[in-house]
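Remarks on the overall topology
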Amino acid sequence: MKKYQLMAPGPTPVPSEVLLAMAQPMIHHRTPEYEALFVEVRAGLKRLFQTSQDVLPLACSGTGAMEAALVNTLSAGDTVAVVCAGKFGERWLELCRAYGVRAIELRAPFGDTVAPDRVAETLATTPGLAAVLTQHSESSTGVLHDVRAYAALTAKTDAILIVDAVSSLGIADLPMDAWGVDVVVAGSQKGLMLPPGLGLVALSDKAWGRARASTLPKYYFDLAAERTYARKNEAHFTPAVSIMLGLRQVLRLLETEGLAATFKRHDRLARATRAGVEALGLAVFPRATPSPALTAVVSPAGVDSERIVAAYATDHNITIAGGQGEMKGTLFRLGHMGYAAELDVIVALAALEQILAGLGQPVDLGAGVRGAQKVFTDRG
Ligand SMILES: *Cc1c(COP(=O)(O)O)cnc(C)c1O
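Residues numbered from 1 in each chain as written. Predicted model: local features only at pLDDT ≥ 70, side-chain atom pairs only at ≥ 80, totals over all residues. Heavy atoms only, no water.

**Things to note about the environment of S305**
With respect to the helices and strands, the residue S305 is situated in helix 12 (residues 305-316). The exposure class assigned to S305 is buried, which follows from its relative accessible area of 0%. When the C-alpha atoms of S305 and G329 are compared, they prove to be 4.7 Å apart, with 24 residues separating the residues in sequence. Those residues in contact with S305 that sit more than four places away from it in its chain are S299, G329, T330, L331 and F332. (Helix = DSSP H or I, 4+ residues; strand = E, 2+ residues; numbered from the N terminus. Buried < 20%, exposed > 50% of the residue type's maximum accessible area, 1.4 Å probe, protein only. Contact = heavy atoms within 4.5 Å.)

Structure follows, in structure tokens:
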């Protein structure tokens, strides 16, 4: 028997309290019980998104919430700019293509970010640009884009800023109202420590203005209709009741920790992971600011990263992730978001040391673990 550990950059482990909260007999969603649940969840989500706007839960994965954001705020023939430096940036491009939205691609090599100057230039040279679309944390490369700077730029124009925060909500600070972000999209199975199946989306007043004029087709994802129901503490269609029960528990856990402490914990886990990996002589992939949600690591020369991913699974019953798209074979990705603690990082690094040794790589056993422990024993 080998204990199973989920250390992928999503889905992520679900705390026992949350599992138990979800293991309840089904209730109907048009009842006072569901209404009471939704009242508490709606208030908690506003604090988590750091917004006074309604945060709308949708029964779908994160990509569904991305689609909802797009079809509700854009119109046929709109031109948008897409920050694209990874697989999730490409997903924005694919969504634009599917709906006939013209996308100016602000590309950067994987592992890099798009400088705010380039966004500024695009805004200045493209009259009528409807929106800038970006990730906050680009999970395919482990990079954190400078959403704060992008928001400062779009705020001065008619363009709205749409942010995929699926792997940053509850992980990295993203004060929606204070930064002037217009649309924030999230999902249940990353920082929110829940099973997959719930998408979340919030719109600023500027984005709701766009929603009124939006002509793209929508039915299930009609956010104006959804908001009308939400304000009565109801869902338009049958909600993901069990995940909502889990979400109430998650919001209580996060409230107890305190948002600032949650962000600090993730920052420490990420710094320790990077220190450990580098102490083993491996390179962390991002050239830009690394995401606190996950660490993308470059596989040692001559070692297919898929062998490292496979060794975690077969030797240790640990799920991590490999590289996606063009990074397949060269990267492996360690998740440390959501229900993650210091000693989880130690486990991931200790396993990595054994795996490298098993692959015949030169490795100083304990060096990676020591590198991380130095970060953890530092004050602050
Ligand atoms: C996980 C993730 C998504 C959503 O993926 P789904 O599989 O649809 O839940 C979107 N964007 C980012 C940055 C992600 O990490």
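**Quick word on the site of the ligand**
Around the ligand, the surrounding shell holds 13 residues, and the nearest of these are S61, T63, S139, D164 and K190. Interatomic distance of 2.7 Å between a side-chain N/O atom of Q189 and an oxygen atom of the ligand. Within the side chain of K190, a nitrogen or oxygen atom sits 2.7 Å from an oxygen atom of the ligand. In the complex, the protein chains occlude 87% of the 380 Å² of accessible area that the ligand would expose alone. Looking at the shell around the ligand, the elements that each hand over two or more residues are helix 3 (62-73) and helix 4 (87-98). Broken down by element, the residue count for the shell around the ligand peaks at three residues, all from helix 3. (Near = heavy atom within 4 Å. Polar contact = N/O pair within 3.5 Å; in protein donor to acceptor, adjacent residues only side chain to side chain. Areas by Shrake-Rupley, 256 points an atom, 1.4 Å probe, with all protein chains shown as cover.)

**Things to note about helix 10 (residues 241-257)**
Taking 1.5 Å as the rise per residue, helix 10 with 17 residues should run 24 Å; its terminal C-alpha atoms sit 25 Å apart, in good agreement. For helix 10, the set of buried residues is V241, I243, M244, L245, G246, L247, Q249, V250, L251 and L254. Against the buried residues of helix 10 lie helix 1 (16-22), helix 2 (32-49), strand 2 (55-58) and helix 11 (259-279). Two residues or fewer after helix 10 comes G258, characterised by a positive phi angle close to 90°. (Expected span 1.5 Å × (residues − 1).)

**Looking at the sheet that holds strand 5 (residues 131-135)**
Think of a sheet as strands paired side by side through backbone hydrogen bonds, with each pair either parallel or antiparallel. The strand order 2-10-9-8-5-3-4 describes an open sheet built from seven strands, whose pairing is mixed. The sheet is open, and its two edges are formed by strand 2 and strand 4 (102-107), each paired on a single side. Averaged over all adjacent pairs, the angle separating strand axes in this sheet is 20°, with direction ignored. In this structure, strand 2 lies alongside strand 10 (residues 199-203), joined through four bridges in antiparallel fashion. Residue pairing for strand 10: P57 is matched across the bridge by L200. The strands that helix 4 touches are strand 3 (79-84), strand 4, strand 5 and strand 8 (160-164); relative to strand 3, the one it contacts most, it runs at about 160°. (Pairing = 2+ DSSP bridges. Axes fitted to C-alpha atoms, helices over the stretch in contact; angles between N-to-C directions.)

**Brief notes about the environment of V369**
Of note, V369 is situated in helix 14 (residues 367-377). Separated by 48 residues in the primary sequence, V369 and A321 have C-alpha atoms spaced 20 Å apart. Those residues in contact with V369 that sit more than four places away from it in its chain are I346, L349, A350 and E353.

**Focus on the packing of aromatic side chains**
Considering all chains together, one arrives at four aromatic pairs under this definition. Taken together, the aromatic side chains of Y219, Y220, F221 and F237 make up a single cluster linked through ring pairs. Sitting over the ring of F88, K87 keeps its end group 5.3 Å from the ring centre. (Phe/Tyr/Trp six-rings, centres within 6.5 Å; stacked < 30°, edge-to-face > 60°. Lys NZ or Arg CZ within 6 Å of the ring centre and 35° of its normal.)

**Some points on helix 4**
Given 3.6 residues per turn, any residue in an α-helix points the same way as the ones three and four places further on. Here helix 4 contains twelve residues, and its C-alpha end-to-end distance of 16 Å stays within 8% of the 16 Å for a straight helix at 1.5 Å per residue. By the burial criterion, the buried members of helix 4 are F88, G89, W92, L93, L95 and C96. Within helix 4, the buried residues cover an arc of 165° as seen down the axis, which keeps them to one side. Facing away from the buried side of helix 4 by more than 90 degrees, the exposed set consists of R97 and A98. Packing partners of the buried residues in helix 4 comprise helix 3, strand 3, strand 4, strand 5, strand 6 (137-138) and strand 8. (Arc of directions from axis to C-beta.)

**Regarding the pattern of salt bridges**
Considering all chains together, one arrives at twelve salt bridges under this definition. Of the charged contacts in the structure, one is a salt bridge between R271 and D267, with a shortest N-O distance of 3.0 Å. Of this pair, R271 and D267 both sit in helix 11, separated by four residues, roughly a single helical turn. Accessibility expressed as a relative area gives 33% for R271, which makes it partly exposed. One network of salt bridges, in which partners are shared, links R42, D54 and R231. (Salt bridge = Lys/Arg side-chain N within 4 Å of Asp/Glu carboxyl O.)

**Section: the domain arrangement of the chain**
Each assigned domain of the chain is listed with its residue range as follows: domain 1 (5-10 + 258-377) and domain 2 (16-257). Relative placement of domain 1 and domain 2: their C-alpha centres are 27 Å apart. At the junction of the two partners, domain 1 supplies 28 residues and domain 2 supplies 30 residues. The junction of domain 1 with domain 2 conceals about 2300 Å² of combined surface from both sides, 61% of it contributed by carbon and sulfur atoms. When the area that domain 1 buries against domain 2 is broken down by residue, the three leading residues are L259, F263 and Q324, summing to 22%. The tally of links between domain 1 and domain 2 comes to one salt bridge. Of the charged contacts in the structure, one is a salt bridge between E257 and R265, with a shortest N-O distance of 2.7 Å. (Domains from an automatic or database assignment. Buried area = accessible area lost by both parts, 1.4 Å probe.)

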